[in-house]
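What follows is the residue order along each chain.
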Amino acid sequence: MLGERDGGKGSVASAGEIPHLAVEKTDGAVTAEEMIDVLKALLPKGDVVHEGGRGSSKVGPSMPYAAVVFDDGKGKAQISLSLNTVGPDGEMADDYVTCPSEALVDQDSCTAETLADGSRFMLIRGFVYGRGEGAKQWRATMVTPQGVLVDASEYDSPVEKGGEITRSAPPLTAEQMKSLVTDASWQPLTEEFRAEARNPPAADTRPGEPSGEDVTKTLTQLLPKGMEVTDRGGDVGYGYVVVDDGKGRSFIQINVQPGMSDLASRFTDASELPDGTRVLESQEADPDAKGGAGTVGWTVDTLRPDGFRVVIPAFNAPGQGQDASRERPALTMDQLRAVALDKKWPTLGGSRPGPGAGARRPGVSARAQGI
């Protein structure tokens, strides 16, 4: 989702340094030059001091995009826009156009709406890393009924990550960002791109992986008595809740992942149960590395013999990157362990793939940062 960590913030560029944006040549129907030209034509009065982009490809998945460094006289800022395809009725599409919980994504504001043509639109004003850390990121996304994703971002810096802040806010207003992604100028390119990409999948769940709704519902059912759930949500194979037991809010998330046998090396020092399930337990400060004051995270990570993984962290804060709201997480280590090892998890998501199958990522859901 918005501003995912890439493992480090990197070095800080000087204010006068221009990022390297290249024009990548491709063999597809949509060219980098076309993407750049449309983006530049839709910008307000100002100077484009650098530009780059990539077109589509005839072979394999592609994501044409354009990026510019724009200066309206108030400071240089990067603006980018990309095209992609998604299943219009799947959870991935929902994720792009549904305002995220503040427990997951630090933000100043977020609005979502359905447009007259049935397209779904979202605008979120957030941050690359977090409030007070690095650049602001204002992002506008639109998913059409045909499954085309138009995704634009702007920053208060000439680079997305590691650059110096050059202005008080990104240059385009909320209305200008909406106009940028919804403008009819993109239609010829989106039609060419969609025809080349063929039809997107009808759904984006992976074999054996449960829906976010099922994961969140099951997690809620397994919570100890006396927990008030103040927020909840999920994604494919992922769920979260924010609970309050009268001692302050606590953020709890869980990933349910079939086919993760390739992670067996992480469990070398784990305890092993009679059925062969391996269990790792940890307690650490600043568990999501987002700098929340006083935060601690308790995690139980389990891997069954067939590669079925369930990992559940709990914070003593109401969300990622937020300051502690209580001394400890709302669930004890024993309670987290009981949830992770519950027999309900393997029954979700239909048939289970064998070891190694469906292991599309070594980590977790895109939303489950910090696990």
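Here the structure is a predicted model, which means the values were calculated and not measured. (Residues numbered from 1 in each chain as written. Predicted model: local features only at pLDDT ≥ 70, side-chain atom pairs only at ≥ 80, totals over all residues. Heavy atoms only, no water.)

So, about helix H4 (residues 187-197). Of all the positions in H4, only Leu189, Thr190, Phe193 and Glu196 are classed as buried. Buried residues of H4, seen end-on, are gathered within an arc of 130° and therefore sit on one face of the element. (Buried < 20%, exposed > 50% of the residue type's maximum accessible area, 1.4 Å probe, protein only. Helix = DSSP H or I, 4+ residues; strand = E, 2+ residues; numbered from the N terminus. Arc of directions from axis to C-beta.)

On the basis of which strands lie adjacent, the open sheet formed by 7 strands has the order S9-S10-S11-S15-S14-S13-S12 and antiparallel pairing. Since the sheet does not close on itself, it has two edges, and those belong to strand S9 (228-235) and strand S12 (271-272), each with one partner. Note: strand S14 (residues 296-303) against strand S15 (residues 309-315), 7 bridges, orientation antiparallel. Its bridge partner being in S15, Asp301 is matched across the sheet by Val311. (Pairing = 2+ DSSP bridges.)

Positive phi outside glycine occurs at Asp286, with the angle close to 45°. Turning to its location among the elements, Asp286 is positioned in the loop between strand S13 (278-285) and S14.

This structure, assessed with the given rule, holds 11 salt bridges. The shortest N-O distance in the salt bridge between Arg337 and Glu281 comes to 2.8 Å. On the criterion of sequence distance, the pair formed by Arg337 in helix H6 (residues 333-340) and Glu281 in strand S13 is long-range, its members being 56 residues apart. Salt bridges sharing common partners tie together Asp106, Asp108 and Arg131. (Salt bridge = Lys/Arg side-chain N within 4 Å of Asp/Glu carboxyl O.)

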